[in-house]
Amino acid sequence: MTILHEWGHVVDIELLDAEDRAAYLELRGFDAATKWDAISSHRIEGWAASPSEDFAEVMVVAWTGGDHRVRTTAPGGQPSPDVVAAVVELTGL
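Each chain carries its own residue numbering, running from 1 in the direction its sequence is written. Two thresholds apply to this predicted model, a pLDDT of at least 70 for residue-level local features and 80 or more for giving and counting side-chain atom pairs, whereas whole-chain, interface and lining totals are computed over all residues. Calculated side-chain values reflect all of the structure's heavy atoms, with hydrogen atoms and water omitted.

What follows covers the confidence of the model for the protein chain. Put simply, the protein chain has an average pLDDT of 91, and 91% of its residues get 70 or more. Confidence scores differ between elements of the protein chain, with helix α1 (residues 2-15) showing the lowest mean pLDDT of 95 and helix α2 (residues 18-28) the highest of 97. pLDDT gives the predictor's per-residue confidence on a scale running from 0 to 100. For the purposes of this entry, the term helix denotes a DSSP run of H or I that reaches at least four residues, the term strand denotes a run of E that reaches at least two, and both are numbered from the N terminus.

Structure follows, in structure tokens:
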């Protein structure tokens, strides 16, 4: 799961742009002004609230066919299959 999570960060960096990230924030219920990768996300206290970390977790859900519980605290909680499908479509994978 850790390797898939880290691969999710690669997908983020390589495939997403600002418009995609804004769409993701909306899909997952984050405030539009939320910073994508806040400095605090690199500290254990802020990790779970970071949209970039949530994105990586949702990619793990996609790649495991839904067999992963996200460890982040996104307002959207555990993503529904429809949200996962929308995120996959967003990435073009």
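Before going further, it helps to spend a moment on the nonpolar core. Counting residues in each nonpolar core, the largest one holds 15 residues, and the members touching the most others are Y24, F30, W36, F55, V58 and V87. Those elements that place two or more of their residues in this core are α2, α3 (51-63) and α4 (81-91). By residue number, the principal contributor to this core is α3, which donates four residues. In this description, contact between two residues means that some pair of their heavy atoms is separated by no more than 4.5 Å. V87 has contacts with Y24, L27, F55, V58 and M59, leaving out every residue within four places of it along the chain. We define the nonpolar core as a collection of buried residues of types Ala, Val, Leu, Ile, Met, Phe, Trp, Tyr and Cys that are connected through side-chain atoms lying within 4.5 Å of one another. Accessibility here uses a 1.4 Å probe with only protein chains present; expressed as a share of the type maximum, an area under 20% marks a residue as buried, one over 50% as exposed, and anything in between as partly exposed.

A few words now on the environment of G46. Turning to its location among the elements, G46 is positioned in the loop between α2 and α3. In sequence terms G46 and L4 are 42 residues apart; their C-alpha atoms lie 21 Å from each other.

Attention now goes to α3. Each residue after the first adds 1.5 Å to the expected span of a helix. With 13 residues, α3 should cover 18 Å at 1.5 Å per step; its first-to-last C-alpha distance of 18 Å lies within 8% of that length. Of all 13 residues in α3, eleven are buried; the element is thus mostly enclosed. Those residues of α3 lying buried are P51, S52, E53, D54, F55, A56, E57, V58, M59, V60 and V61. Contacts from the buried residues of α3 go to α1, α2 and α4. A positive backbone phi angle near 65° is found at G65, which sits one or two residues after α3.

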